[in-house]
Amino acid sequence: MSKFYPVNEPLLDGNEKKYLNECIETGWISSEGPFVKKFEEGMAKLCQREFAVALSSGTSALELAFKALDLKEDDEVIIPGLTIISCSNAVIKAGAKPVFCDIDPVTYCIDPKDLEAKITDKTKAILPVHLYGLACDMDPILVIAKKHNLYIVEDAAEAHGLTYKGKPCGSFGDISIFSFYANKLVSCGEGGMALTNNEVLFSKIKFLKDQAFETQRRFLHNEIGHNMRMTNLQAAVGLAQLERLEEFIEKKKKMAAIYDSYFKDISHVTIAPSKNEYCENIYWIYGLVLESEEQCLLAQKKLKEAKIGSRPFFYPLNKQPVYENMNLNLTNLPITEKIALNGFYIPGGLNLTEEEIHYIGKTVASILKDL
Ligand SMILES: *Cc1c(COP(=O)(O)O)cnc(C)c1O
């Protein structure tokens, strides 16, 4: 009986236990505590940012980012069609409208040309998302944002340690966000962060994450806030993970090189490039794109029978049932829809041994060849 290989498992054998013990021994278990500050400083340094606010999730970070921008009812935010629903929900919860644009067929990240085509006089912000391990092509996006006077909220939830032309992802947005969910490269179970160089936005996010307390009197409020604080326990785990980020990325790249060797010659399988002219893939996940949705579903069914976990790519946001009757302008996005429905990813946990990676690669390749 071979074991089941899940798509991901966190690797927690660094300083996680030691730091958690410190939390317990000192009693600092809530959001007050030294690890929160250390983790914020570590991420700010990684991303060359002045300010960082630790939060309860990547979703909270997106929600507070858009609330901090003070969007109005008719304002539009352009979002790639292939990403997690937190992105567009955050815009809706801030009272504005998401507008979806198509993606690049090779990197699966936002297509700057379609992004520019979707700009109207109502557009206020854009949300580039570094997806699955590759960076968005930031230079044209920065030019477009400047030309049309738009905010950039940069979603780097999957991009810890990724760089674009040598500059860290997470350094490009007016606000940049990260997630530390259990399957992310740096994890603390649940958690997120917002980073910025803008002191006004920084203060606003800090204010909103903590119930919008006024300073002149405790328990006095002029605004509706949230409890989206990260605890010292979460930050303790996050910091221990952050210490090993380089090692984690090296491991992911090695894993991908092994997988590539099994899939690169299968004609009906498309794999992501290991690098391009502006970034090196950090392989947050290892994805495979097939030629049809049926083929993709069949492959996943056969993988399950072979005890190999897999997960489909994100669902196209322009096709989400929840958005159907919300008066959004949902145009077709041919590349998004094709990639989203034909793609899935295979086990990529950091605790897989080289032998296991070869076993999975070989098994998946033989299933794909026989489809
Ligand atoms: C994981 C993820 C998020 C949300 O993070 P949570 O911590 O799960 O709320 C946001 N954006 C992207 C691109 C993600 O992959």
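The text that follows walks through the structure, step by step, so that each part is easy to find.

Rules of the game
Residues numbered from 1 in each chain as written. Predicted model: local features only at pLDDT ≥ 70, side-chain atom pairs only at ≥ 80, totals over all residues. Heavy atoms only, no water. Buried < 20%, exposed > 50% of the residue type's maximum accessible area, 1.4 Å probe, protein only. Helix = DSSP H or I, 4+ residues; strand = E, 2+ residues; numbered from the N terminus. Pairing = 2+ DSSP bridges. 1 Å grid on protein atoms, 1.4 Å probe; cavity = no way out; pocket = protein on both sides within 12 Å on 5 of 7 lines; lining within 4 Å. Points joined across faces, edges and corners; volume = space filled by probe spheres on them. Nonpolar A, V, L, I, M, F, W, Y, C, P; charged D, E, K, R; others polar.

**Concerning the pairing of strand S11 (residues 286–289)**
Then step 1. With burial as the criterion, each face of S11 is covered, one bearing Tyr 286 and Leu 288 and the other bearing Gly 287 and Val 289.
Then step 2. As paired elements, strand S10 (residues 270–271) and S11 share 2 bridges and run antiparallel to each other. Bridging from a neighbouring strand, Ile 271 pairs with Leu 288 of S11.
Then step 3. Of the pairings in the sheet, the one linking S11 to strand S13 (residues 343–346) comprises 4 bridges and is antiparallel in character. Following the sheet pairing, Leu 288 is matched in S13 by Phe 344.

**Digging into the layout of surface pockets**
Then step 1. Each pocket or cavity is described by its volume, and for the largest pocket that value is around 500 Å³.
Then step 2. Considering the residues around the largest pocket, the lining is formed by 18 residues, among which Ser 31, Glu 32, Lys 209, Asp 210 and Arg 229 are closest to the centre.
Then step 3. Mapped onto the lining of the largest pocket, the elements with two or more residues apiece are helix H2 (34–46), strand S1 (51–55) and helix H7 (199–209).
Then step 4. Counting residues per element, the lining of the largest pocket draws most heavily on H7, which supplies 4 residues.
Then step 5. A per-class count over the lining of the largest pocket returns 7 nonpolar, 3 polar and 8 charged.
Then step 6. Here the second largest pocket is characterised by a volume of approximately 350 Å³.
Then step 7. Along its surface, the second largest pocket is lined by 25 residues, and Ile 84, Ser 86, Ser 179, Lys 184 and Phe 314 are the ones closest to its centre.
Then step 8. Broken down by secondary-structure element, the contributors of at least two residues to the lining of the second largest pocket are helix H3 (58–68), strand S8 (175–179) and strand S12 (311–312).
Then step 9. Per element, the largest residue contribution to the lining of the second largest pocket is 3 residues, and it comes from H3.
Then step 10. The residue inventory of the lining of the second largest pocket, partitioned by class, reads 12 nonpolar, 8 polar and 5 charged.

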